[in-house]
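One letter stands for each residue in the lines below.
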Protein chains: 2
Amino acid sequence: MYKLTGNAVIGQSGGPTCAINASLAGVIKSLSECDEIGKIYGMRNGIEGFLKEQLIDLSAVFSGDDAEEKLKLLSHTPASALGSCRKKLPKPADDPSFYENLIALFKKYDVRYFFYIGGNDSMDTVAKLSEYTELNDYDIRVIGVPKTIDNDLCGTDHTPGFGSSAKYIATTVQEIIRDCAVYTVPAVTIVEIMGRDAGWLTVSSGLGRLVSGFAPDYIYLPERAFSLDSFLEDVKSALERHPNVVIAVSEGLRDKNGVYVGEGTQSGVADVFGHKYLSGTGKALELFVKEKIGCKVRSVELNISQRCASHVASATDITESFNVGAAAASCAVEGANACMMSIERDDSAEYAVKFVPKDISGIANAVRTVPDEFINEAGNNVTDAALEYILPLIKGEVDLKWKCGLPEIFVFN
Amino acid sequence: MYKLTGNAVIGQSGGPTCAINASLAGVIKSLSECDEIGKIYGMRNGIEGFLKEQLIDLSAVFSGDDAEEKLKLLSHTPASALGSCRKKLPKPADDPSFYENLIALFKKYDVRYFFYIGGNDSMDTVAKLSEYTELNDYDIRVIGVPKTIDNDLCGTDHTPGFGSSAKYIATTVQEIIRDCAVYTVPAVTIVEIMGRDAGWLTVSSGLGRLVSGFAPDYIYLPERAFSLDSFLEDVKSALERHPNVVIAVSEGLRDKNGVYVGEGTQSGVADVFGHKYLSGTGKALELFVKEKIGCKVRSVELNISQRCASHVASATDITESFNVGAAAASCAVEGANACMMSIERDDSAEYAVKFVPKDISGIANAVRTVPDEFINEAGNNVTDAALEYILPLIKGEVDLKWKCGLPEIFVFN
């Protein structure tokens, strides 16, 4: 492959995670060791910031004696340090001027390498941009670096960011189960977990089953049609076994007609102004159990911490996220284009992975859901195989830097 | 003081915390080194379990070569390992048979030392029990060991358990602030924090201000009457300064008439069955901001993790909680009775504490709220003095034992 010299630009897009900055650090580290690369730019707030020429000279920020230390701190910092955006690129035929602007800026800044760290929409950006530049003969290498806590990207064994979220969820659910166990009064606790279309994060609530024995009584995924009747039977049967019932539910639970559980209760939930609103799945089921059984019930929404609890990130995930970024950079310099770096799991007994560029076409705009063999027959729990797939991804604790009792974080000025 | 020999019994009561087991471990450790003590019993589910003679022989559990290791694991385990109860003791005059039963059991098991680890109601138990046994000439030493995440017990500089909850809250709020900062679209995030009558935990959401500079824009405590109008002005003014507004609110916010914010919106919130229900403070304010400003709004309830997130416990808190338990045991053996072990802060520049037994009368049934000098004049934030008081309590990280990516926990069989 011929040598392409010029500058590089890196962006982060979509929802933040605990590991997206580790991938950024990996790309920077690897690029900074390549002769082909001049300056390394970071775009503020993804492609939107790039179009406004809001660029950070990353080569300058990460130079000098403390570069390694800064990259380490960046790797342990939650949320997209460069900022993010949610922008779906237009089709080139619909808005050619959008792409002409981009190319003009690429030329202005001599950008020959474009890295985009993100999920589904970001891979769509990589696909459209690489197609347009190839058709229009602008020589550039466009690479996607996967990122999403939802683990629902196709073409990769798992996604960077997922392991840390899974570790946070498994740790927190185990703590909640212990907390709920202290009283003898019958009580039901419903934990609502992120993942509207794919139940991977909800699966991870069960990891304690393989380790400590503490896992939710039932786990409901969006991959199965949800029935309030079956749910009620499950709760009653759990209450017969022990007083402290804990149940994990995906935010995306839908009935057989595709109606969200929160939506189903919408008819009756209204705010002080008389507006109806969509209550969360957990809250809706809390009210349902309270009505039907009458015991103590509460719902817990794990909420934003699922994607930003860096203080309990998975060392495996952070290391892999760094390495997948570094691999993307070196593959690009070696000639890769129009691809996403994917993670392939070795078939060996010990957990091991390698990083492989995958053609970007067919990756964007598809969702990888939890397969049938990971869900039990009754559709109210997960199989051991599902947990064994996730368990290696949460292994290891990150060596955080603490200051006065709080984790230190990296911030671009 | 004369030597009292016999057995000891330890109970845990009230809501669980991250540190209540460290205090249990401290009592066990200290008692096991005293010649005066025969057996050490643990009561399952507090005084309720004791009355049913549900006892664990702690001397047997924590004997042998691995006793130290087990005590360490216990110290790092969230929630009351012995189980808990919520039982307010009757007045002796109202129900003398209740106390006669207790004394009969004390005699049966030769109990001469009674330790109760808990909050306000538990100190009430200590007060009533010590008064009754003294009046009825049963020779026993009854000692309270403080515990509450709410930090609202009188007679102590702070309460064991508070530091770990404060560390969890400060860490999580800092992560949420970083997460919210990634987009450029104006958005308001409202974080609801525990503490119905005392705002100590909500204060701790601001700790980042002294360390990283990242703290909520506004902090509202239950110690000040809450005004929706002033709140709306605050939110608008914050949105003029920057797009990512984060606000911390106590679950116990009330207006000048004492009406809870969640209660104020109750009129309009009903479930699918038509029942009105009390929405949380955060959710009520979320709907209010959405109506009045119309920008993106969300609310986050930190929920149970505030009292059980042992994975991010404060080493200072866990060590102090262990030591306060150990001090309670040695003070009792030396003759202390009818008291609560309290934490006194030295006036020296470096943070240091000592443990002092305080007469139990006057401690129970009183609440220590956040003082005026810790709240700003406008009543919408906290002073640096408030943060400086809390900061030493969150210092240090616990050396947890991890197994397959999850924290190990101690469980009584």
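Residues numbered from 1 in each chain as written. Chains lettered and ligands numbered in written order. Predicted model: local features only at pLDDT ≥ 70, side-chain atom pairs only at ≥ 80, totals over all residues.

### Thoughts on the interface of chain B and chain A
Spelled out, the test is: In this description, any two residues whose backbone-derived C-beta atoms lie within 7 Å of each other are considered to be in contact. Secondary structure elements follow DSSP: runs of H or I of four or more residues count as helices, runs of E of two or more count as strands, with numbering from the N terminus.
Contacts between the two partners involve 59 residues from chain B, matched on the other side by 59 residues from chain A. Within the residue set of the side of chain B that touches chain A, elements represented by two or more residues are helix 7 (162–180), helix 9 (208–211), helix 12 (281–292), strand 9 (296–301), helix 13 (305–308), strand 12 (402–403) and strand 13 (406–407) of chain B. With nine residues, helix 7 of chain B is the largest single contributor of residues to the side of chain B that touches chain A.

### Regarding the pairing of strand 2 (residues 37–43) of chain A
Here is the key point about a regular strand: its side chains alternate between the two faces of the sheet. Residue and element names in this part refer to chain A. Counted only if it meets this: Counting other C-beta atoms within 10 Å of a residue's C-beta gives its exposure: the residue is buried at 20 or more, exposed at 12 or fewer, and partly exposed in between, where C-beta atoms are placed from the backbone. Strands pair, by our definition, only if DSSP identifies at least two bridges between them.
A large share of strand 2 lies buried, amounting to five of its seven residues. Of the pairings in the sheet, the one linking strand 1 (residues 6–12) to strand 2 comprises four bridges and is parallel in character. By the bridge assignment, alanine 8 is partnered in strand 2 with isoleucine 40. Summarising the sheet, strand 2 and strand 3 (residues 55–57) pair through three bridges and their orientation is antiparallel. Looking at the pairing, glycine 42 lines up with isoleucine 56 of strand 3.

### What about helix 7 (residues 162–180) of chain A?
What counts here: By definition here, a helix of n residues has an expected span of 1.5 Å times n minus one.
Look at helix 7 of chain A: 26 Å from first C-alpha to last across 19 residues, which is about the 27 Å you get at 1.5 Å a residue. With 19 of 19 residues buried, helix 7 of chain A is to be regarded as a mostly interior element.

### A short note on the nonpolar core
Spelled out, the test is: What we call a nonpolar core is a set of buried Ala, Val, Leu, Ile, Met, Phe, Trp, Tyr and Cys residues whose membership is set by joining through C-beta atoms within 7 Å.
Judged by nonpolar contacts, the single largest core of 264 residues is most densely connected at Phe115(A) and Phe115(B). When near neighbours in sequence (up to four residues on either side) are disregarded, Phe115(A) contacts Ala8(A), Ile10(A), Val27(A), Ile143(A), Val145(A) and Ala328(A).

### A few points about the sheet that holds strand 8 (residues 244–250) of chain A
All names here are of chain A. Operational definition: Angles shown run from 0 to 180 degrees and are taken between the N-to-C directions of axes, each axis being a line fitted to C-alpha atoms and, for helices, limited to the stretch in contact.
What the four strands build is an open sheet, ordered 7-8-6-9; its pairing is parallel. Of all strands in the sheet, those bounded by a partner on one side alone are strand 7 (218–220) and strand 9 (296–301). When strand polarity is set aside, the average angle formed by the axes of neighbouring strands in this sheet is 20°. Bridge count for strand 7 against strand 8 is three bridges, and the pairing is parallel. Residue pairing in the sheet places tyrosine 218 in a bridge with isoleucine 247 of strand 8. Across the face of the sheet, helix 7 comes into contact with strand 6 (187–193), strand 8 and strand 9 while running at roughly 170° to strand 6. Lying on the sheet, helix 10 (residues 228–241) is in contact with strand 6, strand 7 and strand 8; it crosses strand 8 at an angle near 150°.

### Considerations on unusual backbone geometry
All names here are of chain B. For asparagine 151, which is not a glycine, the phi torsion comes out positive at approximately 60°. As for its position among the elements, asparagine 151 is in the loop between strand 5 (141–146) and helix 7. The buried category is assigned to asparagine 151, around which 29 C-beta atoms lie within 10 Å. Of note, the phi angle at alanine 338 is positive, near 50°, even though the residue is not glycine.

### With respect to the sheet that holds strand 3 (residues 55–57) of chain B
All names here are of chain B. Reading across from one edge, 3-2-1-4-5-10-11 is the order of the seven strands in this open sheet, with mixed pairing throughout. Pairing within the sheet leaves two strands with one partner each, and these edge strands are strand 3 and strand 11 (353–359). If you compare each strand with its neighbour and ignore which way they point, the axes differ by 30° on average. The pairing of strand 1 (residues 6–12) with strand 4 (residues 111–118) spans six bridges and is parallel. Looking at the pairing, isoleucine 10 lines up with phenylalanine 115 of strand 4. Here helix 1 (residues 20–31) sits on the sheet in contact with strand 1, strand 2 (37–43), strand 4 and strand 5, set at roughly 175° to strand 1.

### What about the domain arrangement of chain A?
Residue and element names in this part refer to chain A. Rules: Reported domain spans reflect what an automatic or database domain assignment gives. Note that Gly is not counted as nonpolar here; it falls among the polar residues with everything else outside the nonpolar set of Ala, Val, Leu, Ile, Met, Phe, Trp, Tyr, Cys and Pro and the charged set of Asp, Glu, Lys and Arg.
For chain A, the domain assignment lists domain 1 (6–161 + 310–366 + 397–407) and domain 2 (163–308). With 19 residues of domain 1 at the interface, the matching set in domain 2 holds 15 residues. Grouping the amino acids of the side of domain 1 that touches domain 2 by side-chain chemistry returns nine nonpolar, seven polar and three charged.

### A closer look at helix 6 (residues 120–135) of chain A
Since the α-helix advances by 3.6 residues per turn, residues separated by three or four positions end up pointing in the same direction. Residue and element names in this part refer to chain A. Here helix 6 contains 16 residues, and its C-alpha end-to-end distance of 23 Å stays within 8% of the 22 Å for a straight helix at 1.5 Å per residue. Taken together, the buried positions of helix 6 are occupied by Asn120, Ser122, Met123, Thr125, Val126, Ala127, Lys128, Leu129, Ser130, Tyr132 and Thr133. Each element contacted by the buried residues of helix 6 is listed here: helix 2 (46–51), helix 5 (96–108), strand 4 (111–118), strand 5 (141–146) and strand 10 (339–345). Residue aspartate 137 follows helix 6 closely and has a positive phi angle near 55°.

### Side note on the environment of Val356(A)
All names here are of chain A. Note that valine 356 resides in strand 11 (residues 353–359). A C-alpha to C-alpha distance of 8.3 Å links valine 356 and methionine 340, two positions 16 residues apart in sequence. Look past the residues within four positions of valine 356 in its chain and what remains in contact with it is Ser342 and Glu344.

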